[in-house]
Amino acid sequence: MDKGAFSIADSFVEEFNDRVEQLSRLTNHPGSKGRFIELLLINLLRKYLPKKYDFSSGFYCSINPELNEASQQIDIICYDHLNYPLFFDCNEIVAVSPKSVKGLIEVKSVMTSDSIKQLLKQANCEVAKQLPIDVKFNLLSVKSQITPELVCKEILDFYNKDDVPVVKGLGVIYSLDWEDIIVFTVSNNCYKMLILNNFNYSISTFVNILIKDLYGLDTYKSVANLIGPSLFIPKAEYVIRGENN
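Structure report, in brief. For clarity, every value in this text was computed on a predicted model and none was experimentally measured.

Notes on the overall build of the protein
- Check the secondary structure of the protein and you find six helices and 10 strands.
- In the protein, 68% of the contacts between residues at least 6 apart in sequence involve partners at least 24 apart.
- Of the roughly 12,100 Å² that the protein leaves accessible, carbon and sulfur atoms contribute 50%.

Regarding the packing of aromatic side chains
- Here the structure, examined in full by the defined rule, presents four aromatic pairs.
- Consider the rings of Phe12 and Tyr48, whose centres lie 5.7 Å apart with planes at 55°: the pair is tilted. Separated by 36 residues along the polypeptide, Phe12 in helix 1 (residues 7-26) and Tyr48 in helix 2 (residues 30-48) bring together distant segments of the chain.
- By relative accessible area, which is 2% here, Phe12 ends up buried.

Thoughts on the sheet that holds strand 3 (residues 86-90)
- Strand order in this open sheet of 10 strands is 3-4-1-2-5-6-7-8-9-10, and the pairing throughout is mixed. Bordering the open sheet on either side are strand 3 and strand 10 (234-241), each of which pairs with just one other strand. Adjacent strand axes in the sheet meet at a mean angle of 25° when their direction is disregarded.
- Where strand 9 (residues 190-197) meets strand 10, six bridges bridge the pair, whose relative direction is antiparallel. Bridge assignment links Tyr191 to a residue of strand 10, and that residue is Arg241.
- Contacting strand 5 (101-111), strand 7 (170-175), strand 8 (180-187), strand 9 and strand 10, helix 4 (residues 148-159) crosses the sheet at an angle of about 10° to strand 10.

Reading guide: rules and limits
Residues numbered from 1 in each chain as written. Predicted model: local features only at pLDDT ≥ 70, side-chain atom pairs only at ≥ 80, totals over all residues. Heavy atoms only, no water. Helix = DSSP H or I, 4+ residues; strand = E, 2+ residues; numbered from the N terminus. Contact = heavy atoms within 4.5 Å. Areas by Shrake-Rupley, 256 points an atom, 1.4 Å probe, with all protein chains shown as cover. Phe/Tyr/Trp six-rings, centres within 6.5 Å; stacked < 30°, edge-to-face > 60°. Buried < 20%, exposed > 50% of the residue type's maximum accessible area, 1.4 Å probe, protein only. Pairing = 2+ DSSP bridges. Axes fitted to C-alpha atoms, helices over the stretch in contact; angles between N-to-C directions.

Okay, structure coming up:
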């Protein structure tokens with residue numbers, strides 16, 4: 001990894017990997033590791049990313065009186081805590097307005113087919129329609145029981161149903177034991193899913209894309225030095241909606 005291009009990502013990855021390795025020497029319990037990764041990621045995102053937004057586990061709640069419900073518990077919510085009040089705040093759990101949400105991350109100890117189905121259900125539920133249009137759902141796992149190709153098949157099968165609209169809300173899907181990473185792009189009303197060779201960048205690619213989605217291109221360029229999906233060679237590309245749809 002180029003130290004000049006990834007100075008922040010290097011520090012993030014080193015600290016992340018060191019702590020995960022320490023935990024692995026103590027326990028292999030999937031639930032414990034999943035919860036630890038969730039808390040570790042929250043703390044590192046708070047530490048390294050701009051203070052403009054905060055990160056926590058919790059819910060976003062409907063502000064439509066005709067839809068009195070909240071989301072499922074989200075492992076990590078990125079939200080604007082300066083311009084929007086919290087509905088609820090209790091240590092590690094918050095409840096926020098959909099309008100304050102900037103991004104969402106699900107963390108799994110093991111990624112399965114059910115993990116993908118759950119992510120798609122969350123991105124397409126009724127209360128998710130109240131999120132800002134640029135909010136994206138992301139998924140990070142410690143290990144995966146399915147390949148990136150099978151993940152893409154699950155997503156394509158879901159969106160090929162006639163009654164399923166496309167909520168352009170998927171950002172990045174990555175498992176720490178993959179050599180590849182899945183990213184989603186939208187251009188000219190064409191919604192695409194790419195499998196990219198992640199080389200040796202580990203979680204740094206996940207974090208850099210997250211920075212771009214949450215804070216914008218200028219912030220992304222300041223830490224990623226223009227390194228991004230456009231410079232990775234796609235191993236596979238799928239059109240979810242658009243072009244021939």
